[in-house]
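Architecture and fold: a report
Single-letter residue listing:
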Amino acid sequence: MSLGDFLSQSGSKWLRDEGPDSDIVISSRLRIARNLAGQSFPTIATEKDQRYVLEAVRQAASGSAVRRLGEFEMLVLKDISDLDKQVMVEKHVVSPALVDAPGGAVLLRKDEEMSVMVNEEDHLRMQCMLPGYQLDQALKMADELDDAFEETLDFAFDENKGYLTACPTNVGTGMRASIMLHLPVLVVTGNINRILSAVTQVGLTVRGIYGEGSDALGNLFQVSNQITLGQSEQEILSNLHGVANQIIEHERVARQHLLREARMRVEDRVCRSFGILAYSRQIDSKEAMQRLSDVRLGIDLDIIKGVSSSILKELMVATQPGFLQKYYGHEMSPGERDIKRAALIRERLRMDSQGLK
Amino acid sequence: MLCEHCGKRPATVHLTEIVQGQKSEYHLCETCAREKGEAAYQAIAGAFSVNQLLSGLMNFDPWVQERVETAAPPRCEHCGMTFNQFSQIGRFGCPHCYDAFSPGLDSLLRKIQSSDQHVGKVPKRRGGAIGMKRELQKLRLELQQRIAEERFEEAAHLRDRIRYLEQQTGT
Ligand SMILES: [Zn+2]
Ligand SMILES: [Zn+2]
Ligand SMILES: [Zn+2]
């Protein structure tokens with residue numbers, strides 16, 4: 001199978017498409033936690049409880065209200081190979097916790113923009129994942145999915161505490177909204193730490209997608225709400241928007257400033273990184289992420305042309321161990337993985353230069 | 001179901017233990033579960049950083065402190081989880097735990113959340129019932145006023161509406 005076919009078959013839609021502000025916001029994700037009334041939470045659920053929850057969700061999903069929202073498939077995790085589970089985690093379609101949860105399952109829409117994890121920390125975790133900055137749209141979609149399930153399922157809800165969840169950090173709206181940001185210039189200029197600590201002062205959390213703090217691999221950060229009780233869904237999002245817009249603006253200004261002050265250094269750095277990705281014969285994931293981040297910046301600053309801007313997110317996922325093993329069809333030692341990673345990146349870059357996509 | 005261990009008291013605690021890929025389920029009474037359960041809960045508790053956060057907060061809370069030290073801490077009748085177990089693993093056993101562990105919970109929620117009162121989405125089907133309950137409260141107050149003002153005809157209309165809402169909400 002060609003790499004192009006492989007990526008379009010095994011990649012989620014959010015990995016291929018672009019969205020608003022996608023020069024900085026890689027993706028938007030919104031997740032809502034729901035539990036069935038009167039049922040033990042997965043915390044203490046027995047096998048029988050888990051089967052009951054799975055059956056209830058399966059039935060609700062086969063109802064017309066859910067089917068109206070698209071074509072879904074229920075995957076029970078114990079029936080899936082470890083490799084396929086790993087690939088789903090690498091695509092951010094399911095959480096690592098679901099893979100370890102006994103009785104776990106996922107209801108997946110064909111485009112993988114919508115999914116429902118079953119028997120994770122809560123009975124249902126509905127998730128919408130979109131490219132670029134589309135949190136409002138993600139909330140709208142998750143809200144519709146929630147309403148569709150609520151037509152036939154009774155959710156644990158309390159007038160004062162809202163939607164009841166296994167963990168008190170999710171109670172109320174049960175909503176966690178997050179955006180993945182690419183902030184290479186704020187990292188390079190050292191401004192990132194100041195911004196990150198400011199963010200945590202206003203009820204939001206921030207963490208590296210791969211790695212922590214300013215050592216985040218690929219300069220990718222996730223900003224999400226921490227509070228779920230005492231604020232409405234809209235208030236939570238507008239708080240997040242306020243902060244996100246400021247971070248986006250800071251990064252944009254810093255990029256323009258850097259271009260004015262040190263254009264040659266920037267051009268040299270991004271073009272060198274492109275050269276390394278295009279010609280290296282072995283590359284570890286840490287270096288690959290940094291080089292991909294440089295190339296993506298080069299694309300955004302119009303220094304590198306003819307390379308698709310989805311390259312960063314596509315390859316940050318496709319060069320993970322599970323994906324590499326899936327594409328090349330066998331298990332690998334870390335050393336061989338570095339060789340195959342370099343080969344896959346070269347192949348992906350060639351697709352753009354040949355005008356194939 | 002009776003406790004698997006002692007066979008005397010009802011089994012209210014259901015535990016799933018996984019040792020080297022072997023999964024076992026236990027159905028125990030609270031007394032027997034305490035021996036087995038504490039160890040199991042401790043084992044999974046380590047994985048969640050939020051637990052440290054929670055137990056950190058609880059140690060500062062005089063109400064919780066006092067409850068933890070007395071012999072009978074709050075316990076959820078529905079799933080059997082005790083407040084101690086909750087504070088160790090940081091997660092509830094079932095939706096009823098929220099009632100069982102109130103009011104110690106409310107002060108915890110005010111610390112980790114922005115308040116202890118939900119203001120967001122209400123389930124569509126439940127929205128009707130909650131709306132009716134709020135209207136009921138309002139109408140009962142109005143009814144008392146009308147009676148005090150001796151406006152009996154209006155009061156009678158209100159009473160009809162209240163009866164209807166009471167039937168609908170099952171109160
Ligand atoms: Zn949790
Ligand atoms: Zn017993
Ligand atoms: Zn309970």
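Just so you know, these numbers come straight off a predicted model, no measurement behind them.

Comments concerning the overall build of chain A
- Assigned secondary structure in chain A consists of 14 helices and ten strands.
- Taken over the C-alpha trace, chain A has a radius of gyration of 21 Å; the compact-globule value for 357 residues is 21 Å, and the two agree within 12%.
- The principal-axis extent of the C-alpha atoms belonging to chain A is close to 65 × 45 × 35 Å.
- Within chain A, buried positions represent 61% of all 357 residues.

Quick look at unusual backbone geometry
Residues and elements named next belong to chain A.
- In this structure, Asp-21 is a non-glycine residue whose phi angle is positive, near 55°.
- Tracing the backbone through its elements, the reader meets Asp-21 in the loop between α2 (13–16) and β1 (25–34).
- Residues other than glycine seldom take positive phi values, yet His-92 does so here, at roughly 65°.
- If you trace the backbone, His-92 turns up in the loop between α5 (82–90) and α6 (96–100).

What to know about the domain arrangement of chain A
Residues and elements named next belong to chain A.
- For chain A, the domain assignment lists domain 1 (7–254) and domain 2 (262–353).
- Taking only C-alpha atoms into account, the centre of domain 1 sits 27 Å from that of domain 2.
- Interface of domain 1 and domain 2: buried area, both sides summed, is about 2300 Å²; carbon and sulfur atoms make up 65% of it.
- Scanning the region where domain 1 abuts domain 2 turns up one salt bridge.
- Residue Asp-84 pairs with Lys-326 through a salt bridge whose shortest N-O separation is 2.7 Å.
- The tally of links between domain 1 and domain 2 comes to nine residue pairs in polar contact (both at pLDDT 80 or more).
- Listing elements by their share of the side of domain 1 that touches domain 2, those giving two or more residues are α1 (3–10), α2, α5, β8 (175–182) and α8 (184–188).
- Its residues assigned to classes, the side of domain 1 that touches domain 2 shows 14 nonpolar, six polar and seven charged.

Here's the deal with the environment of Arg-296 of chain A
- Considering the arrangement of structural elements, one finds Arg-296 of chain A in helix α11 (residues 285–300).
- Linking Arg-296 of chain A and Pro-184 of chain A, residues 112 residues apart in sequence, is a C-alpha distance of 9.4 Å.

Section: the nonpolar core
- The biggest cluster of nonpolar side chains holds 108 residues, and the ones touching the most others in it are Leu-30, Leu-124, Phe-149, Leu-181, Leu-220, Val-223 and Ile-247 of chain A.
- A total of 14 residues in this core trace back to one element, the largest contributor, which is helix α10 (residues 233–279) of chain A.
- Ranked by size, the runner-up nonpolar core spans 22 residues in total, among them Ala-156 and Ala-166 of chain A together with Cys-79 and Cys-97 of chain B.

Some thoughts on the sheet that holds strand β10 (residues 220–225) of chain A
All names here are of chain A.
- Taken together, eight strands build an open sheet; the order of strands is β2-β3-β4-β5-β1-β8-β10-β9 and the sheet is antiparallel. Single-partner strands in this sheet number two, and they are β2 (72–76) and β9 (204–208). When strand polarity is set aside, the average angle formed by the axes of neighbouring strands in this sheet is 20°.
- As defined by bridge partners, β8 adjoins β10 across five bridges and the pair is classed as antiparallel. Note on β10: the bridge partner recorded for Ser-178 is Ser-224.
- Of the strands in this sheet, β2, β3 (105–109), β4 (114–118) and β5 (124–131) touch helix α3 (residues 47–61), which is tilted by about 165° from β2.

Considerations on the coordination of the zinc ion (ligand 1)
Residue and element names in this part refer to chain A.
- Within the first shell, the zinc ion (ligand 1) binds the protein through Glu-121 (OE), Glu-121 (OE) and Cys-167 (SG), at distances of 2.4 to 2.7 Å. Separated by 46 residues along the polypeptide, Glu-121 in the loop between β4 and β5 and Cys-167 in the loop between β7 (162–163) and β8 bring together distant segments of the chain. Residues Glu-121 and Cys-167 agree in their burial class; the two are buried.

Conventions adopted
Per chain, the residues get numbers from 1 upward, laid out in the order the sequence is written. For this description, chains carry letters from A and ligands carry numbers from 1, given in the order in which they are written. Only residues with pLDDT of at least 70 get local features here, since the model is predicted, and only at 80 or more are side-chain atom pairs given and counted; chain-wide, interface and lining totals rely on the full set of residues. Note that water and hydrogens are dropped before the side-chain values are worked out from all heavy atoms of the structure. Each helix corresponds to a stretch of at least 4 residues labelled H or I by DSSP, and each strand to a stretch of at least 2 residues labelled E; elements are numbered beginning at the N terminus. We compute the radius of gyration over the C-alpha atoms and compare it with the globule rule, which gives 2.2 Å times the number of residues raised to the power 0.38. Only protein chains enter the area calculation, which uses a 1.4 Å probe; residues under 20% of their type maximum are buried, those over 50% are exposed, and those in between are partly exposed. Those domain boundaries reflect an automatic or database domain assignment. By buried area we mean how much accessible surface two parts lose on assembly, using a 1.4 Å probe and totalling the loss over both. Think of a salt bridge as a Lys or Arg side-chain nitrogen and an Asp or Glu carboxyl oxygen that are within 4 Å of each other. Pairs of N or O atoms are called polar contacts if they sit within 3.5 Å, as long as, within protein, a hydrogen donor faces a hydrogen acceptor (for residues adjacent in sequence, only side-chain-to-side-chain pairs). Side-chain classes are defined by residue name, with Ala, Val, Leu, Ile, Met, Phe, Trp, Tyr, Cys and Pro counting as nonpolar, Asp, Glu, Lys and Arg as charged, and the others, Gly among them, as polar. As used in this record, nonpolar core signifies buried Ala, Val, Leu, Ile, Met, Phe, Trp, Tyr and Cys residues forming a set joined through side-chain atoms within 4.5 Å. We treat two strands as partners when DSSP finds at least two bridges between them. Axis lines are fitted to C-alpha atoms, over the contacting stretch for helices. Their N-to-C directions set the angle, which ranges from 0 to 180 degrees. Here, residues are in contact when the closest pair of their heavy atoms is within 4.5 Å. Ligating atoms shown are N, O and S within 2.8 Å of the metal, or 3.2 Å for Na, K and Ca, and water is not included, meaning a site may look less than complete.

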